[in-house]
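# Descriptive structure summary
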Amino acid sequence: MTAPRTRRALLTGWGRTAPTAADVVHAVHPSLVDAAMSAAVAAVAARTGRGLVARGMGRSYGDAAQNAGGTVVDATWLDDIRTVDLATGRISVGAGVSLQTLMERFVPLGWFVPVTPGTRLVSVGGAIAADIHGKNHHVDGSFCSHVLSMTLVTPTGTHVVGPDADPALFWATAGGMGLTGIVTEATLQMIPVETSYMLVDTERATDLDDVMDKMLTGDDAYRYSVAWIDCQSTGSRLGRSVLTRGDHARLADLPHRLATDPDRARAFVPRQLARVPLTPPGGLLNPLTVGAFNEFWFRKAPKRQLGKPHHMTGFFHPLDGVGEWNRLYGGRGFLQYQFVVPDAAGETVRRIIERLTEVRLASFLAVLKRFGPGDPGPLSFPMPGWTLALDLPVGHDGLDRLLDDLDEEVLAAGGRIYLAKDSRLAPDTFRAMYPGVDRFLEVRSRVDPDGALRSDLGRRIGLCSDAGAPTPRPTTKKRKTR
Amino acid sequence: MIDATGRPQSVLVLGGASEIAQAIVAGLVPGRCRTVILAGRPSERLDAAADAARAAGADMVETVAFDTTDLAGNPAVVEDVFTRFGDVDLVLAAAGALGDQAELESDPQAAAELITTNFTGLAAALLAAARCMRAQGYGRIVVISSVAGDRPRKANYIYGSTKSGLDAFAQGLGDSLVGSGVGVTVVRPGFVVGRMTEGMDPAPFSTTPEAVAEAVVKGISSGADVVYAPPVLRWVFAVMKQLPRAVWRRMPG
Ligand SMILES: Cc1cc2nc3c(=O)[nH]c(=O)nc-3n(C[C@H](O)[C@H](O)[C@H](O)COP(=O)(O)OP(=O)(O)OC[C@H]3O[C@@H](n4cnc5c(N)ncnc54)[C@H](O)[C@@H]3O)c2cc1C
Ligand SMILES: NC(=O)c1ccc[n+]([C@@H]2O[C@H](COP(=O)([O-])OP(=O)(O)OC[C@H]3O[C@@H](n4cnc5c(N)ncnc54)[C@H](OP(=O)(O)O)[C@@H]3O)[C@@H](O)[C@H]2O)c1
């Protein structure tokens, strides 16, 4: 097998921080994944290479889909739908297929993805590698709980794994951030829907106690639930939020004009309404503009409104209407801080919100949600409790130390940070937060004994190393003496 | 790796015993920098710098022998560090000597040696570092130049010209590395009260190694191209460079 052609490119995650250069392989066919894997493994064995990792749609915020100086396999080309069973909702797809494509194709046929993140522009491979969660985690668990099997190309060969076929490798891959191999194909169990609409209950909550109380007592009655917290509010209004919860609408739930037109009621035609054309150097988001936005957004939310039909796109992916909105944060980019702490650690959530509001960083809304039980993935993020996620612009003096402090709080509460969002966690903190790491490394060493699977995230948090790798020899020409 | 907030996890210092470099390392270790390689002329001072890095919390600290004037050996020293320690996130070039202008004027060979120390030898080491980092796909090179290089003065032009050369070299190197993931930061301190300037009268806007370090650590995290320390010197020297030559010539020693 010849090594595939590569193109050197500078890559970042969605947060546009810490760019690194890698040789990108466009895996237009699964055979190119095999070829890239063989070449990378050989190069690592010869101590001339820096390994490889897969990349999906680059929606992880940090450095997970980067591999400085090594190979990055762009898996978004593996975008074919392989087999479909419309009676059962089982579909087999290439790992590069986006959740948007799945929605466009299958919602009109009555099937929806089992789990969707806050953007539909993620690949199935990325969804597996991060074991992503949605607003329905408390009911349906995370993405990999709905994966029936997958094909994984590893340095020691190709494995077809599932919950019953080499479960250790399957679960290590769930949340394994691409470090167990490259997923080329996956079989998913979709969920049945009658329409592309949601029936949504919206309520305002006056403060953090109020919203947490509402979620603790009411979430079980809803399949989807999330609260958006206004992080600019302080004092007695700290944690003021809007809680939106709902479920898929049936045909009969919809207004007459839709209920009588099933094609329209099931239509799924996502539109990008606008695109941010360039990166304003200092960014456009500052406490002032964001404060105004948050105020507007809170006021516009109804105090309480029940059973209102909303289209899926608006309910699940409000931000996807604006292309490349990550540019709004300016040249230095931004990061997302997302953690989970057990149910009993509500006070930790409050303290963290307090500390973040104190520094008055421009953050749009923080998203608060309750997780249900986690799955067996040793590096899978979700565990029962509260998860909070918020975007923060990079550049504020002391942000690095502040977040280190918050890590300690999270750790002390028995919680952890989400690797798909992370871009700054320290290696020892990561280890302490993920006690499953040794189990993970054990499985990985079975399929990747020489450590050819490498990413910048892996290097940063101590899962991969390049020590012992050679440096390029200069092409030494005999020096001419004149 | 360098994280999203610009914190490196490993550093190679060329001129590991430098006071300014030590202050920079002290500023980096509490962040994420747990691997510190100090390259320099073996001495108690170099060992003490290593101890200080350990005391600050770095867990992998080593010293390697490095003399900028060893033109043939320099690149290999740098390459060996990249090989043995894996990634090097940051290379900090701090080695340098001030020299005594009057003595250097009367000893051309000594002058040439100073130029080798401050410029030629470092350039060789930095080219090796740049090649390693380019292959590594990322990294930051920090070069300590000086405002003395912004416009060399009559009283100090041999040292000043080494810094002009080094500064120009670093800028060009930075431009050549655009798109590679590697960035170059040029640092231009003013008069820094310390070992190098012992016994001299502080110039206006004099500063300390700690203050320089603070500005440099900030510049590293933001990926700055140029850092002046203190920052006001950026504007002072913008003006100084415009002074007519006849006026500049009269600048006091
Ligand atoms: C606006 C926004 C909202 C989000 N909301 C949520 C949310 O609600 N819940 C949630 O869980 N996440 C959320 N995310 C994060 C996102 O779902 C994950 O980061 C996801 O992994 C991105 O998928 P991707 O295809 O872009 O993968 P990339 O970002 O390209 O890669 C992510 C990881 O997956 C690995 N990977 C990609 N493809 C493969 C493959 N074929 N085989 C093996 N490994 C592979 C990469 O190596 C990398 O480690 C959000 C992100 C954004 C930008
Ligand atoms: N101090 C200032 O006012 C000032 C102002 C502007 C710029 N700078 C620059 O800042 C940098 C650091 O200076 P500093 O203030 O920290 O002074 P310093 O403490 O004297 O540091 C200079 C270091 O350079 C090393 N060095 C000299 N010749 C060398 C050689 N041939 N090979 C290897 N190492 C050599 C010295 O090593 P030994 O320990 O073995 O002697 C010393 O550790 C220098 O480049 C200097 O020019 C200083």
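Residues numbered from 1 in each chain as written. Chains lettered and ligands numbered in written order. Predicted model: local features only at pLDDT ≥ 70, side-chain atom pairs only at ≥ 80, totals over all residues. Heavy atoms only, no water.

## A closer look at the overall build of chain A
- A count of helices and strands for chain A gives 15 helices and 21 strands.
- On C-alpha atoms alone, chain A measures out to a radius of gyration of 23 Å, which is about the 23 Å that the 2.2 N^0.38 rule sets for 482 residues.
- Taking the principal axes of its C-alpha atoms as reference, chain A extends roughly 80 × 55 × 45 Å.
- Carbon and sulfur atoms form 54% of the exposed surface of chain A, whose accessible area is close to 19200 Å².
- One finds the centroid of the 55 positive side-chain charges in chain A at a distance of 8 Å from the centroid of its 51 negative side-chain charges. (Helix = DSSP H or I, 4+ residues; strand = E, 2+ residues; numbered from the N terminus. Rg over C-alpha atoms; globule rule 2.2 N^0.38 Å. Areas by Shrake-Rupley, 256 points an atom, 1.4 Å probe, with all protein chains shown as cover. Lys, Arg positive; Asp, Glu negative; His and termini not counted. Charge placed at Lys NZ, Arg CZ, Asp CG, Glu CD.)

## Structural notes on the site of ligand 1
All names here are of chain A.
- Near ligand 1 there are 34 residues, and of these A54, G56, R59, S60 and S123 occur at the shortest range.
- Within the contact set of ligand 1, an oxygen atom lies 2.9 Å away from a backbone nitrogen or oxygen of G126.
- With respect to ligand 1, the backbone of M177 contributes an N or O atom lying 2.9 Å from an oxygen atom.
- Considering ligand 1 on its own, with 970 Å² of exposed area, one finds that the protein chains cover 95% of that surface.
- Of all the elements in the fold, those that place two or more residues in the shell around ligand 1 are strand 3 (52-55), helix 3 (124-129) and strand 10 (182-189).
- Taken together, the residues that form the shell around ligand 1 break down as 20 nonpolar, eleven polar and three charged. (Near = heavy atom within 4 Å. Polar contact = N/O pair within 3.5 Å; in protein donor to acceptor, adjacent residues only side chain to side chain. Nonpolar A, V, L, I, M, F, W, Y, C, P; charged D, E, K, R; others polar.)

## A word on the environment of G110 of chain A
Residue and element names in this part refer to chain A.
- Summarising the element assignment, G110 is placed in the loop between helix 2 (99-106) and strand 7 (111-112).
- Residue G110 is classed as buried on the basis of its relative accessible area, which comes to 12%.
- When the C-alpha positions of G110 and F381 are compared, they lie 30 Å apart, and in sequence the two are 271 residues distant.
- Dropping the residues within four chain positions of it, G110 is found in contact with I191, P192, V193 and R266. (Buried < 20%, exposed > 50% of the residue type's maximum accessible area, 1.4 Å probe, protein only. Contact = heavy atoms within 4.5 Å.)

## Side note on helix 3 (residues 74-85) of chain B
Residues and elements named next belong to chain B.
- Its twelve residues give helix 3 an end-to-end C-alpha distance of 17 Å, which sits within 8% of 16 Å, the value for a rise of 1.5 Å per residue.
- Those residues of helix 3 lying buried are N74, V78, E79, V81, F82 and F85. Projected down its long axis, helix 3 shows its buried positions confined to an angular sector of 155 degrees, all on one face.
- Remark: G86 follows helix 3 within two positions and exhibits a positive phi of approximately 75 degrees. (Expected span 1.5 Å × (residues − 1). Arc of directions from axis to C-beta.)

## Here's the deal with the nonpolar core
- Counting residues in each nonpolar core, the largest one holds 106 residues, and the members touching the most others are L102, F112, F143 and L368 of chain A.
- Once residues within four sequence positions are removed from consideration, F143 of chain A is found in contact with L99, V115, V124, A127, I128, D131, I132 and L188 of chain A.
- One finds I20, A23, V29 and V227 of chain B within the second-largest nonpolar core, a separate group that totals 34 residues. (Core = buried A, V, L, I, M, F, W, Y, C linked by side-chain atoms within 4.5 Å.)

## Re the pattern of salt bridges
- For the coordinates displayed, the defined rule picks out 42 salt bridges over all chains.
- Residue R250 of chain A pairs with E194 of chain A through a salt bridge whose shortest N-O separation is 4.0 Å. Taken together, the positions of R250 of chain A in the loop between strand 14 (241-248) and helix 7 (256-259) and E194 of chain A in the loop between strand 11 (191-192) and strand 12 (197-205) put the pair 56 residues apart, joining distant regions of the chain.
- A relative accessible area of 38% places E194 of chain A in the partly exposed class.
- D404 of chain A is the partner of R7 of chain B in a salt bridge, and the nearest nitrogen-oxygen pair spans 2.8 Å. Here D404 of chain A lies in helix 12 (residues 399-412) and R7 of chain B lies in the segment before strand 1 (10-14), a pairing that spans two chains. The two residues R7 of chain B and D404 of chain A agree in class, both being buried.
- Linked by salt bridges that have partners in common, R50, R454, D456, R459 and D466 of chain A together with D87 of chain B make up one network. (Salt bridge = Lys/Arg side-chain N within 4 Å of Asp/Glu carboxyl O.)

## A few points about the sheet that holds strand 1 (residues 7-11) of chain A
Residues and elements named next belong to chain A.
- Taking strand neighbours across the sheet as the criterion, the four strands line up as 1-2-4-3 in an open arrangement whose pairing is mixed. Edge positions in the open sheet fall to strand 1 and strand 3, since each of these has one partner strand only. Within this sheet the neighbouring strands show an average axis-to-axis angle of 40 degrees, counted without direction.
- By the bridge criterion, four bridges tie strand 3 to strand 4 (residues 71-74) in an arrangement that is parallel. Bridging across to strand 4, R55 finds its partner in D74. (Pairing = 2+ DSSP bridges. Axes fitted to C-alpha atoms, helices over the stretch in contact; angles between N-to-C directions.)

## Quick notes on the confidence of the model for chain A
- Residue-level pLDDT values for chain A average 92, and 96% of them are 70 or greater.
- Contacts for the low-pLDDT stretch residues 469-482 of chain A, under 50 throughout, to residues beyond four places or in other chains number 16 contacts. (pLDDT = per-residue confidence, 0-100.)

## A word on the state of the cysteines
- For the structure shown, the criterion picks out zero disulfides over all chains.
- Here C144 of chain A is not disulfide-linked; the sulfur of C464 of chain A is the nearest cysteine sulfur, at 19 Å.
- C132 of chain B forms no disulfide, and the closest cysteine sulfur to it belongs to C33 of chain B, at a distance of 17 Å. (Disulfide = S-S within 2.5 Å.)

## Details of the site of ligand 2
Residue and element names in this part refer to chain B.
- Taken together, 25 residues sit near ligand 2, with S18, I20, Y159, K163 and V192 positioned nearest.
- Separating an oxygen atom of ligand 2 from a side-chain N or O atom of S18 is a distance of 2.8 Å.
- Here ligand 2, which alone exposes 880 Å², has 93% of that area covered by the protein.
- Among the secondary structure elements, those contributing two or more residues to the shell around ligand 2 are helix 1 (19-28) and helix 6 (157-176).
- Split into classes, the residues belonging to the shell around ligand 2 amount to eleven nonpolar, eight polar and six charged.

## Side note on the interface of chain A and chain B
- Listed by partner, the interface residues are 33 residues for chain A and 28 residues for chain B.
- In this structure, the connection of chain A to chain B is made through five salt bridges.
- Two residues, K218 of chain B and D397 of chain A, come together in a salt bridge whose shortest N-O distance is 3.6 Å.
- On the surface where chain A and chain B come into contact, there are eleven residue pairs in polar contact (both at pLDDT 80 or more).
- Listing elements by their share of the side of chain A that touches chain B, those giving two or more residues are strand 1, strand 2 (20-26), helix 12 and helix 15 (456-460) of chain A.
- With three residues, helix 15 of chain A is the single largest residue contributor to the side of chain A that touches chain B.

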